[in-house]
Amino acid sequence: MTIGAVCLTSVLQIVQNTAWGFQPVQNLGSVKAVDPLWLALLRTPLSLFVPALDLPVWGALAQVLLVFGISEICIGWWRTLAVGYVATLAGTTYARVGLALGPDHPLGLPVSDRIVNDTGPSAAVVGLAIYVCWRYRAYLTGALVILAMTGEVLVKDNLAGKEHLAAIAAVMAVCVVRARWGPERSRTPLGRRRRRRRQLT
């Protein structure tokens, strides 16, 4: 899955930088807060793999290869995609909520963010990092990710930074739900090891 995601991101980057391919990629995978919600939801699955136009593509490829790869190894390919899409949808949803709150609200956004191109894997990458840290009790690493994303917003208060925080909040909510009501075997690796030892004895 990770290799496929890297290849798809590479192909979309090449296509969107051609005269004939830019508009089709935008039509299929470009999400903006000004778009109708149903259209944004239709474009969201592909938008995760469309690199942001104002950032170097190698950064997106490195994020996908490293974080998606670790997640696929640790939690499987379908959970990786599920958590990644939850984080991406959280960011997309936040953009609309932030615009409704307005620029005067601490969590609000300026009207100019209505037309910002909201694509790329960054929200999914941040969400996956938090989820894997929770599953494997790497709490210090998870805390450092949260601090880094919070610092990003403090230094550069833009749509992407706030969407990262929305992705973190959504994935942390998923972690809380799974910790309280999920099956015991999926809560922590420690629980699985204890159950395995009981079976052997």
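Refer to the structure above for everything that follows.
Calculation criteria
- Residues numbered from 1 in each chain as written.
- Predicted model: local features only at pLDDT ≥ 70, side-chain atom pairs only at ≥ 80, totals over all residues.
- Heavy atoms only, no water.
- Patch = residues over 30% accessible without salt bridge, like charges linked within 9 Å, V, L, I, M, F, W, Y side chains within 5 Å.
- Areas by Shrake-Rupley, 256 points an atom, 1.4 Å probe, with all protein chains shown as cover.
- Salt bridge = Lys/Arg side-chain N within 4 Å of Asp/Glu carboxyl O.
- Helix = DSSP H or I, 4+ residues; strand = E, 2+ residues; numbered from the N terminus.
- Buried < 20%, exposed > 50% of the residue type's maximum accessible area, 1.4 Å probe, protein only.
- Polar contact = N/O pair within 3.5 Å; in protein donor to acceptor, adjacent residues only side chain to side chain.
- Axes fitted to C-alpha atoms, helices over the stretch in contact; angles between N-to-C directions.
- Left-handed = near helix turned anticlockwise from the far one by under 90°.
- Contact = heavy atoms within 4.5 Å.
- Nonpolar A, V, L, I, M, F, W, Y, C, P; charged D, E, K, R; others polar.
- Core = buried A, V, L, I, M, F, W, Y, C linked by side-chain atoms within 4.5 Å.

**Student:** I'd like to hear about a nonpolar patch on the surface, residue by residue, with values.
**Tutor:** On the surface, Leu37, Leu41 and Leu89 cluster together into a nonpolar patch covering about 240 Å² of accessible area. Of note, Leu37 is situated in helix H3 (residues 37-47). The exposure class assigned to Leu37 is partly exposed, which follows from its relative accessible area of 46%.

**Student:** Summarise the side chain of Asp35; cite the residues concerned and give the values.
**Tutor:** Checked against the element boundaries, Asp35 lands in the loop between helix H2 (22-29) and H3. Overall, Asp35 belongs to the buried group, its relative accessible area being 13%. Polar side-chain contacts of Asp35 include one of 3.0 Å to the backbone nitrogen of Lys32.

**Student:** Account for the packing of helix H4 (residues 57-75) against helix H6 (residues 122-135), naming residues and giving values.
**Tutor:** The contact between H4 and H6 brings their axes to 10 Å, and the two run at 35°. Seen from above, H4 lies across H6 with left-handed handedness. Every residue of H6 that contacts H4 at Gln63, Val67, Phe68, Ser71, Cys74 and Ile75 is listed here: Ser122, Ala124, Val125, Leu128, Ala129, Tyr131, Val132 and Arg135. Here the residues of the contact of H4 with H6 sort into 10 nonpolar, 3 polar and 1 charged.

**Student:** Give a description of the nonpolar core that names residues and reports values.
**Tutor:** If you look at the biggest cluster of nonpolar residues, it comprises 29 residues, and the most contacted ones within it are Phe68, Leu128, Tyr131, Val145 and Val171. Among the elements of the structure, helix H1 (2-16), H4, helix H5 (77-101), H6, helix H7 (139-155) and helix H8 (159-181) are those that each provide at least two residues to this core. With 9 residues, the single largest contributor to this core is H6. If we skip the residues at most four places from it in the chain, Leu128 touches Val67, Phe68, Ser71, Ile75, Thr80, Val83 and Gly84. With 6 residues, the next largest nonpolar core counts Ala95, Leu109, Leu159 and Ala166 among its residues.

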